[in-house]
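# Topology and contacts: notes
These are the residues of each chain, in order.
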Amino acid sequence: MSTSFPALTQFSHGGGCGCKIAPGLLSEILSRAPRGLMPAELMVGLETSDDAAVYRLNDEQALVATTDFFTPIVDDPRDFGRIAATNALSDIYAMGGTPILALALVGMPIAKLSAETIGEVLAGGAEVCRAAGIPIAGGHSIDLLEPIYGLVALGLVHPERVRRNADAQPNDVLILGKPLGVGILSAALKKGVLDAAGYAEMLAHTTQLNRVGSRLGGLAGVHAMTDVTGFGLTGHLLEVCRGSGLSAQVTLADLPVIEAAAHWARQGVVTGASARNWASYGSDVVWPDGAAPWQQALVSDPQTSGGLLVSCTAESAPAVLAAFHDDGFAQARVIGDLQALANGAAPGLRFA
Ligand SMILES: Nc1ncnc2c1ncn2[C@@H]1O[C@H](COP(=O)(O)OP(=O)(O)OP(=O)(O)O)[C@@H](O)[C@H]1O
Ligand SMILES: [Mg+2]
């Protein structure tokens, strides 16, 4: 961590994916906008809150398009740039796609931050795009009160390898690629109680590219995929359930968890966004009697640059887990499954 730059989180009211507008309010806002055009080539649009738009170019190729930007979640400018870029590319991988190019989105308080500091943020983003094998081919930059950074990301995917969040099938198992808790670690950082090892762990997870998604899109048993970000595991899994018309069961004891995050959550160190997220899930979530409040904070914890959530057949689960493990996602594991809806029941999620 460099010390020669001003601490970036002092400029942000809430960092990373924790500054996303909560799902309930977002859908209310979006419902007020007139419905846009729906060309036949648009394979994935707004309707199921999916990770990216997908537009069929020809029989072999579809364009995947997404954008993500947010305020600083860490103090170090280069680390902030790396995390934001890794997060922005994640939605391409979550559709089964491969990124081809990015544009940078930059808003910075230029009276408070030097060109050198802002340049470090951009260098962090450039480092990640280079690792992902793509150029940053342009962008847009404005003077703003709070720093924001992110990317427009474009990718390609074979139309048959597109993995929506709405195509999960009954009896699929659910596999989560990264452990939960980076939001809790960011709350500990903001409180000044996160040690160097905790910071290193947060950075390791948030800068790990979800590249394995391109490979998973090619596995026949993989029906649906999304990435877990600002709405927490519960929010993004509910998007899968609603889009697919299914109910989910998740076993709390099977969740991969960052140990330091469990420690801080038990002490009550959590983000404000987790309570907002929880409130927005409403009655679609059944919570077991006796489960601890820190576990509730964990399943609603906003994950900045979180893991892929895969819905696949039980037969393909070993191959999915092997792909994750090969790609360095050591803590990927099965966390639950999906079932058809009972007569008249609404899509929902039950924790056990
Ligand atoms: N202003 C907006 N206009 C149109 N669509 C929007 C707007 N803001 C958000 N959306 C859409 O709402 C949905 C929000 O769902 P969600 O946050 O899970 O998406 P996401 O892009 O996968 O998030 P993340 O980038 O954090 O993974 C997405 O489909 C997104 O494209
Ligand atoms: Mg997403």
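Residues numbered from 1 in each chain as written. Chains lettered and ligands numbered in written order. Predicted model: local features only at pLDDT ≥ 70, side-chain atom pairs only at ≥ 80, totals over all residues. Heavy atoms only, no water.

The chain has the name Selenide, water dikinase in an unreviewed UniProt entry, where Curvibacter microcysteis is given as its organism. Recorded under Subunit (unreviewed entry), the UniProt text for the chain is reproduced unchanged: "Homodimer." (UniProt positions renumbered as here; feature names shortened; annotations may be inferred.)

### Description of the coordination of the magnesium ion (ligand 2)
Protein coordination at the magnesium ion (ligand 2): the donors are Asp51 (OD), Asp91 (OD) and Asp227 (OD), at 2.0 to 2.2 Å from the metal. Sequence positions of the donors to the magnesium ion (ligand 2) reduce to the motif D-x39-D-x135-D. Pair noted here: Asp51 is in the loop between β1 (42–44) and β2 (53–56) and Asp91 is in helix α2 (residues 77–94), with a separation of 40 residues, a long-range link. For Asp51, a relative accessible area of 11% gives the class buried. Using a relative accessible area of 8% as the deciding quantity, one classes Asp91 as buried. (Donors = N, O, S within 2.8 Å, 3.2 Å for Na, K, Ca; no water. Helix = DSSP H or I, 4+ residues; strand = E, 2+ residues; numbered from the N terminus. Buried < 20%, exposed > 50% of the residue type's maximum accessible area, 1.4 Å probe, protein only.)

### A word on empty space enclosed by the protein
Per the counting criterion, the structure on display carries two cavities of 30 Å³ or more. Estimates place the volume of the largest cavity at around 50 Å³. What lines the largest cavity is Cys17, Gly18, Lys20, Ala22, Gly230, Phe231, Ala273, Arg276, Asn277 and Pro302. Classifying every residue of the lining of the largest cavity gives five nonpolar, three polar and two charged. (1 Å grid on protein atoms, 1.4 Å probe; cavity = no way out; pocket = protein on both sides within 12 Å on 5 of 7 lines; lining within 4 Å. Points joined across faces, edges and corners; volume = space filled by probe spheres on them. Nonpolar A, V, L, I, M, F, W, Y, C, P; charged D, E, K, R; others polar.)

### Here we look at the packing of α2 against helix α3 (residues 115–132)
Packing of α2 against α3 brings their axes to within 7 Å, and their N-to-C directions diverge by 40 degrees. Looking at the two axes, α2 sits oblique to α3. α2 and α3 meet at a crossing whose hand is right-handed. Only Thr117, Glu120, Val121, Ala123, Gly124, Gly125, Glu127, Val128 and Ala132 of α3 make contact with α2, whose side of the interface consists of Pro77, Arg78, Phe80, Gly81, Arg82, Ala85, Thr86, Leu89 and Tyr93. A breakdown of the residues in the contact of α2 with α3 according to their chemical character gives nine nonpolar, five polar and four charged. (Axes fitted to C-alpha atoms, helices over the stretch in contact; angles between N-to-C directions. Parallel < 35°, antiparallel > 145°, perpendicular 65-115°, else oblique. Left-handed = near helix turned anticlockwise from the far one by under 90°. Contact = heavy atoms within 4.5 Å.)

### Some details on the sheet that holds strand β4 (residues 98–108)
Strand order in the open sheet formed by six strands is β1-β2-β3-β6-β4-β5, and the pairing between neighbours is mixed. Where the open sheet ends on each side, the last strands, each with one partner, are β1 and β5 (136–143). Each neighbouring strand pair of the sheet contributes to a mean axis angle of 20 degrees, computed without reference to strand direction. Sheet topology note: the β4/β5 ladder contains six bridges and is parallel. Among the inter-strand pairings, Ala102 is bridged to a residue of β5, identified as Ile136. Relative to strand β6 (residues 148–157), α2 is tilted by about 30 degrees, and along the sheet it contacts β3 (62–70), β4 and β6. (Pairing = 2+ DSSP bridges.)

### Some details on the UniProt feature "domain: PurM-like N-terminal" (unreviewed entry) in the chain
Sites flagged by UniProt as "domain: PurM-like N-terminal" (unreviewed entry) map to residues 50–157. Overall, residues 50–157 shows 33% helix and 39% strand. The separation of its end C-alpha atoms is 15 Å.

### A closer look at the layout of surface pockets
Put simply, the second largest pocket is a space of about 350 Å³. Along the wall of the second largest pocket there are 21 residues; nearest its centre are His13, Gly14, Gly15, Thr271 and Gly272. For the lining of the second largest pocket, the elements supplying multiple residues, two or more each, are α4 (182–191) and α9 (272–281). Counting residues per element, the lining of the second largest pocket draws most heavily on α4, which supplies four residues.

### Side note on the UniProt feature "site: Important for catalytic activity" (unreviewed entry) in the chain
As recorded in UniProt, the feature "site: Important for catalytic activity" (unreviewed entry) lies at Lys20. Residue Lys20 is classed as partly exposed on the basis of its relative accessible area of 33%. Contacts of Lys20, omitting those with residues within four sequence positions, involve Thr229, Gly230, Phe231 and His236.

### A short note on the environment of Leu209
Considering the arrangement of structural elements, one finds Leu209 in the loop between α5 (196–206) and α6 (212–216). For the pair Leu209 and Ala132, spaced 77 residues apart in sequence, the C-alpha to C-alpha distance is 7.7 Å. Setting aside its immediate chain neighbours within four residues, Leu209 contacts Thr86, Leu89, Tyr93, Val128, Ala131, Ala132 and Phe329.

### Topic: the site of ligand 1
With respect to spatial proximity, 14 residues lie near ligand 1, and among them Lys20, Asp50, Asp68, Asp91 and Thr229 are the closest. One nitrogen or oxygen atom from the side chain of Asp227 is found 3.1 Å from an oxygen atom belonging to ligand 1. Burial of ligand 1 by the protein chains amounts to 70% of its free accessible area of 620 Å². Elements with a contribution of two residues or more to the shell around ligand 1: α1 (23–31) and α7 (232–244). Tallied by class, the residues present in the shell around ligand 1 amount to four nonpolar, three polar and seven charged. When we break the shell around ligand 1 down by domain, the ones giving at least three residues each are domain 1 (8–161) and domain 2 (173–351). (Near = heavy atom within 4 Å. Polar contact = N/O pair within 3.5 Å; in protein donor to acceptor, adjacent residues only side chain to side chain. Areas by Shrake-Rupley, 256 points an atom, 1.4 Å probe, with all protein chains shown as cover. Domains from an automatic or database assignment.)

### So, the pattern of salt bridges
Scanning the entire structure with this criterion turns up eight salt bridges. Where Arg164 meets Asp167, a salt bridge forms, and the shortest distance between an N and an O atom there is 3.2 Å. The class of Asp167 is partly exposed, set by a relative accessible area of 28%. (Salt bridge = Lys/Arg side-chain N within 4 Å of Asp/Glu carboxyl O.)

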